[in-house]
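A closer look at the structure
Chain by chain, the residues run as shown.
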Amino acid sequence: MELVKPEPLIISGRAHYTLTSYDPVSIVIDVASTTDEDVELAVQMSVMQLGGGPAELADEAWIRENFEGLHNASELRELVRQELMAMNGQAAEQQKVQKCAKELAKRLVQAVPQSSVARARQMVEQSFAMGLQEQGVTENEFMIQTGMRTSDLQAMFATQAKDVAEQEAAIDAWIEHRNLQISDEEIPQYAGMPPTEDTTKLLYDLHRSGQYESARTFALRNKGMSIVMAEASCTYRHETPAQAQKRAAQTRRTLEAQMQAQAQRRKANSRSHLKLV
């Protein structure tokens, strides 16, 4: 039976939360390996995104034309291998944020109001749409590639929104317990803003646009999470060959779906240029 949590204390329109413990969290970081299969799949994806295929991959002139500084497929594979290794290392470190936030949220004493979940959902959906746009993938293509239905996508949004709202509440509780503060000068750094020497102007612009409080809250949460991560106990769990093979199989299916979608787009474009005579 699921535990029914109490509502948070609301003071001056602001919810106040508490945690069951403020001790450092313990997390396990999964580290992916970089296999030959991973490299080959990534190479195929890179070539496909440029409109090429197996024939172009074997064409050294095409490689030189489309990949600056590279002369053949062997050099492309080595470059991709190095990039994948770097990406796997970055992904392992990025897990710290997600897993620390998740562990902290498990300690949340109060329930998060639906209004907070609704705001988080708007952010989740906007982030999802921007991600698809950056990849040049439509929502329908994404659903085909992943095998998701509309109901699955809506359920995913609902779950992620609840997680985000609870994690924000948890870090707010931790910040309040620690009495953590943030100066105006620290806001650009922790809000992920471009470096600037004119902090005064930046803060003025934030105030004028009405974004100061949201930027300050975002920066303070990031500052708090950076301390949570620094204090966390981390165990690194490296991927097994069997796990790598399973992951590669999933990537292969995704690649095949993308290639199919690309072929359909090409076919549709060719039809749109046909004229009746």
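The structure this text deals with has already been given above.
Here is a short report on the structure shown in this document. (Residues numbered from 1 in each chain as written. Predicted model: local features only at pLDDT ≥ 70, side-chain atom pairs only at ≥ 80, totals over all residues. Heavy atoms only, no water.)

**Points about the nonpolar core**
- Of all hydrophobic cores here, the largest spans 36 residues; its most connected members are L104, W174 and V228.
- Put simply, the parts of the chain that give this core at least two residues each are strand 3 (26-31), helix 4 (73-105), helix 5 (114-135), helix 7 (150-178), helix 9 (199-208) and helix 10 (212-231).
- Counting residues per element, this core draws most heavily on helix 7, at eight residues.
- Judged by nonpolar contacts, the second largest core, of 13 residues, contains V39, A42, I63 and L76. (Core = buried A, V, L, I, M, F, W, Y, C linked by side-chain atoms within 4.5 Å. Buried < 20%, exposed > 50% of the residue type's maximum accessible area, 1.4 Å probe, protein only. Helix = DSSP H or I, 4+ residues; strand = E, 2+ residues; numbered from the N terminus.)

**Concerning unusual backbone geometry**
- Of note, S12 is a non-glycine position whose phi angle comes to about 55 degrees, a positive value.
- The backbone phi angle of N179 is positive, close to 55 degrees, even though this residue is not glycine.
- Tracing the sequence through the fold places N179 in the loop between helix 7 and helix 8 (187-190).

**Quick word on the environment of E56**
- Looking at the element boundaries, E56 is found in helix 2 (residues 54-57).
- Through-space distance from the C-alpha of E56 to that of R14 is 59 Å; in sequence the pair is 42 residues apart.
- Every residue in contact with E56, bar those within four places of it in the chain, is listed here: W62 and I63.
- Separated by 2.8 Å, the side chain of E56 and the backbone nitrogen of G53 make a polar contact. (Contact = heavy atoms within 4.5 Å. Polar contact = N/O pair within 3.5 Å; in protein donor to acceptor, adjacent residues only side chain to side chain.)

**What about the pairing of strand 3?**
- Burial of strand 3 is one-sided: the residues I27, I29 and V31 facing one way are buried, the residues S26, V28 and D30 facing the other way are not.
- Pairing analysis gives six bridges linking strand 3 to strand 4 (residues 233-238), with the strands arranged parallel. If you follow I29 over to strand 4, its bridge partner there is Y236. (Pairing = 2+ DSSP bridges.)

**Concerning the state of the cysteines**
- Summed over all chains, the structure comprises zero disulfides.
- Unpaired in this structure, C100 has its nearest cysteine sulfur neighbour in C234, at a distance of 5.8 Å. (Disulfide = S-S within 2.5 Å.)

**Regarding the pattern of salt bridges**
- Per the stated rule, a full pass over the model turns up 19 salt bridges.
- Here K201 ties to D205 by a salt bridge, and the two come within 3.0 Å at their closest N and O atoms. Of this pair, K201 and D205 are both found in helix 9, four residues apart, which corresponds to roughly one turn of the helix.
- Note on K201: relative accessible area 46%, which makes it partly exposed. (Salt bridge = Lys/Arg side-chain N within 4 Å of Asp/Glu carboxyl O.)

**As for the packing of aromatic side chains**
- If you walk through the whole model with that rule in mind, you get three aromatic pairs.
- Between W62 and F67, the aromatic rings sit 6.2 Å apart at their centres with planes inclined by 65 degrees, giving edge-to-face as the arrangement. This pair shows no difference in class: W62 is buried, exactly as F67 is.
- Ring geometry for F128 and F142: centres 5.1 Å apart, planes at 80 degrees, overall edge-to-face. Highlighted residues: F128 in helix 5 and F142 in helix 6 (residues 139-146), separated in sequence by 14 residues.
- In this structure F128 comes out as buried when scored by relative accessible area, which is 16%.
- Taking the relative accessible area as the measure of exposure, F142 reaches 17% and is therefore buried.
- Taken together, the ring pairs connect F128, F142 and F157 into an aromatic cluster. (Phe/Tyr/Trp six-rings, centres within 6.5 Å; stacked < 30°, edge-to-face > 60°.)

**Remarks on helix 5**
- When the terminal C-alpha atoms of helix 5 are compared, their 31 Å separation across 22 residues agrees well with the 32 Å that a helix rising 1.5 Å per residue should span.
- Those residues of helix 5 lying buried are S116, V117, A120, V124, F128, G131 and L132. Down the axis, helix 5 shows its buried residues gathered within 135 degrees of arc, on one side only. Relative to its buried face, helix 5 has exposed residues pointing more than 90 degrees away, namely R119, Q122, Q126 and Q133.
- Structurally, helix 5 contributes buried residues whose contacts are with helix 6 and helix 7.
- Backbone geometry just after helix 5 places G136 at a positive phi near 70 degrees. (Expected span 1.5 Å × (residues − 1). Arc of directions from axis to C-beta.)

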